[in-house]
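Structural overview for review
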Amino acid sequence: MIAPVISLVGRDFIDVADLKRTDLRRILDLAHEIKAGRWTERPLAGRHVAMLFQRPSHRTRVSFEVGIARLGGSTTTLTGQDVQLGFRESVADAARVLDQYVDGVVARLRAHEDLLQLARSSEKPVINALTDRSHPCQVLADLMTMEEVGGDLARQHVVFIGDGNNIANSLIEASAVAGFALTVITPPGYDPQPGVVDRARSIESGNFRVTLTNNISFDEATVIYTDVWASMGQEDERAVRHKVFGAYRVDQALMEAAPRAIFMHCLPAHRGEEVTDEVIDGPRSVVFQQAGNRLYAQMALMAGLFAT
Ligand code: CP
Ligand code: NVA
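The notes below deal with the structure included here. As the structure is a prediction and not an experimental result, all values here were calculated from the model.

The rules we used
- Going along each chain's sequence as written, the residues are numbered from 1 onward.
- Going through the entries in the order they are written, you letter the chains from A and number the ligands from 1.
- With pLDDT at 70 or above as the cut-off, local features in this predicted model cover only qualifying residues; side-chain atom pairs require 80 or more to be listed or tallied, and sums for whole chains, interfaces and linings still use all residues.
- Excluding hydrogens and water, the side-chain figures rest on all heavy atoms present in the structure.
- Here a pair means two rings of Phe, Tyr or Trp (six-membered ring of Trp) with centres within 6.5 Å. Their orientation is stacked below 30 degrees between planes, edge-to-face above 60, and tilted elsewhere.
- Each helix is a run of H or I in the DSSP string that is no shorter than four residues. Each strand is a run of E no shorter than two, and both are numbered from the N terminus.
- We define proximity as follows: a residue is near a molecule or strand when any one of its heavy atoms falls within 4 Å of that partner.
- We define a polar contact as two N or O atoms separated by no more than 3.5 Å, with the added condition that, inside protein, one atom must be a possible hydrogen donor and the other a possible acceptor, whereas residues neighbouring each other in sequence contribute only through side-chain atom pairs.
- Exposure was quantified through the Shrake-Rupley algorithm and a 1.4 Å probe, taking into account, for residues, occlusion by the shown protein chains and nothing else.
- Each residue gets one of three labels, nonpolar for Ala, Val, Leu, Ile, Met, Phe, Trp, Tyr, Cys and Pro, charged for Asp, Glu, Lys and Arg, and polar for the others, Gly among them.
- Any two strands with at least two DSSP bridges between them are considered paired.
- Axis geometry follows a simple rule: fit a line to the C-alpha atoms, using only the stretch in contact for helices, then measure angles between N-to-C directions, giving values from 0 to 180 degrees.
- Note on terminology: angles under 35 degrees are roughly parallel, angles over 145 are roughly antiparallel, angles of 65 to 115 are roughly perpendicular, and the others are oblique.
- By definition, turning the near helix anticlockwise from the far helix through less than a right angle yields a left-handed crossing, and turning it clockwise yields a right-handed one.
- Contacts between residues were defined by any pair of non-hydrogen atoms, one from each residue, lying within 4.5 Å.
- Between buried and exposed lies partly exposed: a residue is buried under 20% and exposed over 50% of the maximum accessible area for its type, with that area taken using a 1.4 Å probe on protein chains only.
- The arc refers to the directions leading from the helix axis to the C-beta atoms.
- In this description, the term disulfide denotes a pair of cysteine sulfurs within 2.5 Å.

1. A few points about the packing of aromatic side chains
The final tally for this structure, using the stated rule, is four aromatic pairs. When the ring of Y190 is compared with that of F245, the centres are 5.0 Å apart and the planes differ by 65 degrees; the resulting orientation is edge-to-face. Pair noted here: Y190 is in the loop between β6 (181–185) and α8 (194–201) and F245 is in the loop between α9 (238–244) and α10 (252–256), with a separation of 55 residues, a long-range link.

As structure tokens, then:
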């Protein structure tokens, strides 16, 4: 198998909705091959990737660093104190400087608008490693995990329960591109971004099967997915959110209402808040398989984006 040819505007991977269904298929196929040990090429040999992190990260940083090394490339990782995007220099200037040194950029930025500015200003491919709006690399690994456990994505029904945040937004786009059913259950006032829903609905080759609701019900769910109630940057709202989201916790009773469903979480988890220990450590939880698949899904993505 050769590295996937991915037709992305500007060769940037900003959102799942940037991918055509065929591109997504190529990435997932290669990810499975890499994990099975059947694809061991090193298309990033001699290439260098800059990683910018304005927010903390465990999985994303380590899986990208390891993945780039396994593909034969090297990395420089810059955290908050190093670049100080928008403070020490503008996002556009920083992008133009990085262009002089590196072959690609992986960026976790606070504001999605800054990521778009970075991608517009850089001639090199840029990968979104999470913003306040989306987390597309996480969702690539989630889709890979769903295929491993449940096979054909189009036959699956994901129920996301919690905050209509970056993970929910990327799942909505993934649902439209990959064709699985998705129900997003949020408390009133914590819905996913309307712009994301509109974009997903308008995907040409897509299949819009998304339901947004405030009612907790799980008929036919094959996946129950949750995430933290207060994302990075929302720490000040934690007490308020704790009260609002109390009824939306994934506990054993909730899992029993969805007897066929596996449990997914992007991690890090706030145990005892959005999910109980019993569920996240239980037999239907695939959270560590999900975390592991970050490596393979991102390697497949980078083989397509950074190697040419
Ligand atoms: N799921 C995820 O992106 O984890 P980190 O924030 O630790 O990278
Ligand atoms: N919604 C979470 C995801 C962390 C991977 C956050 O943005 O903090």
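2. Considerations on the site of ligand 1
All residues in the neighbourhood of ligand 1 are listed as S57, H58, R59, T60, R108, H135, Q138, C266, L267 and R294. Between ligand 1 and the protein, one listed contact pairs an oxygen atom with a side-chain N or O atom of R108 at 2.8 Å. At 3.1 Å, a side-chain N or O of R294 approaches an oxygen atom of ligand 1. Here ligand 1 loses 95% of its free accessible area of 260 Å² to cover by the protein chains. Residues that form the shell around ligand 1 fall into these classes: two nonpolar, five polar and three charged.

3. Description of the site of ligand 2
Every residue lining ligand 2 is accounted for by L130, H135, N165, N166, D227, V228, S231, M232 and L267. Contact distances for ligand 2 include 3.4 Å between a nitrogen atom and a side-chain N or O atom of N165. A distance of 2.6 Å separates a nitrogen atom of ligand 2 from a polar atom in the side chain of D227. Residues of the shell around ligand 2, tallied by class, amount to four nonpolar, four polar and one charged.

4. Structural notes on the sheet that holds strand β7 (residues 210–213)
Each strand in a sheet pairs with its neighbour through backbone hydrogen bonds, running either in the same direction (parallel) or in the opposite one (antiparallel). Strand order in the open sheet formed by five strands is β7-β6-β5-β8-β9, with parallel pairing between adjacent strands. This sheet does not close on itself; its edge strands, each paired only once, are β7 and β9 (262–265). Within this sheet the neighbouring strands show an average axis-to-axis angle of 20 degrees, counted without direction. Here strand β5 (residues 157–161) runs beside β6; their pairing, made up of five bridges, is parallel. Within β6, the position partnered with I161 by the bridge is I185.

5. Let's talk about the packing of helix α2 (residues 59–70) against helix α12 (residues 287–305)
Geometry of a packed helix pair, given as the angle between the helix axes and the separation of the axes. Where α2 contacts α12, the two axes come as close as 9 Å, and the packing angle between them is 50 degrees. On the basis of the axis angle, α2 is oblique to α12. α2 and α12 meet at a crossing whose hand is right-handed. Contact residues: α2 offers R59, T60, S63, F64, V66, G67, I68 and R70, while α12 offers A291, R294, L295, Y296, Q298, M299 and M302.

6. Observations regarding helix α4 (residues 91–101)
Among all positions of α4, only V91, A94, A95, L98 and D99 are buried. Looking down the long axis of α4, one finds its buried residues gathered within 145 degrees of arc, a one-sided arrangement. Of the exposed residues in α4, the ones pointing more than 90 degrees away from its buried face are R96 and Q100. On its buried side, α4 packs onto β1 (48–53), α3 (80–83), β3 (104–108) and α5 (112–121).

7. Notes on the environment of N207
In this structure, N207 sits in the loop between α8 and β7. Note on N207: relative accessible area 35%, which makes it partly exposed. Each C-alpha atom of the pair N207 and M51 lies 34 Å from the other, and the pair is 156 residues apart in sequence. N207 has contacts with R21, S175, A176 and G179, leaving out every residue within four places of it along the chain.

8. Some details on the state of the cysteines
Inspection of the entire model under this criterion finds zero disulfides. Of all cysteine sulfurs in the structure, the one in C137 sits closest to C266, which takes part in no disulfide; the separation is 13 Å.

9. Thoughts on unusual backbone geometry
The step from L267 to P268 runs through a cis peptide bond, and the omega angle for that step is 5 degrees. Note on placement: P268 falls in the loop between β9 and α11 (277–280). A positive phi angle is found at L267, which is not glycine, with a value near 65 degrees.

10. Some words on the sheet that holds β1
In spatial order, the strands read β2-β1-β3-β4; together these four strands make up an open sheet with parallel pairing. The sheet is open, and its two borders are formed by β2 (74–78) and β4 (126–128), each paired with just one other strand. Adjacent strand axes in the sheet meet at a mean angle of 20 degrees, parallel and antiparallel pairs treated alike. For β1 and β2, the ladder comprises five bridges, and the chain directions are parallel. Counterpart to A50 in the pairing with β2 is T76.

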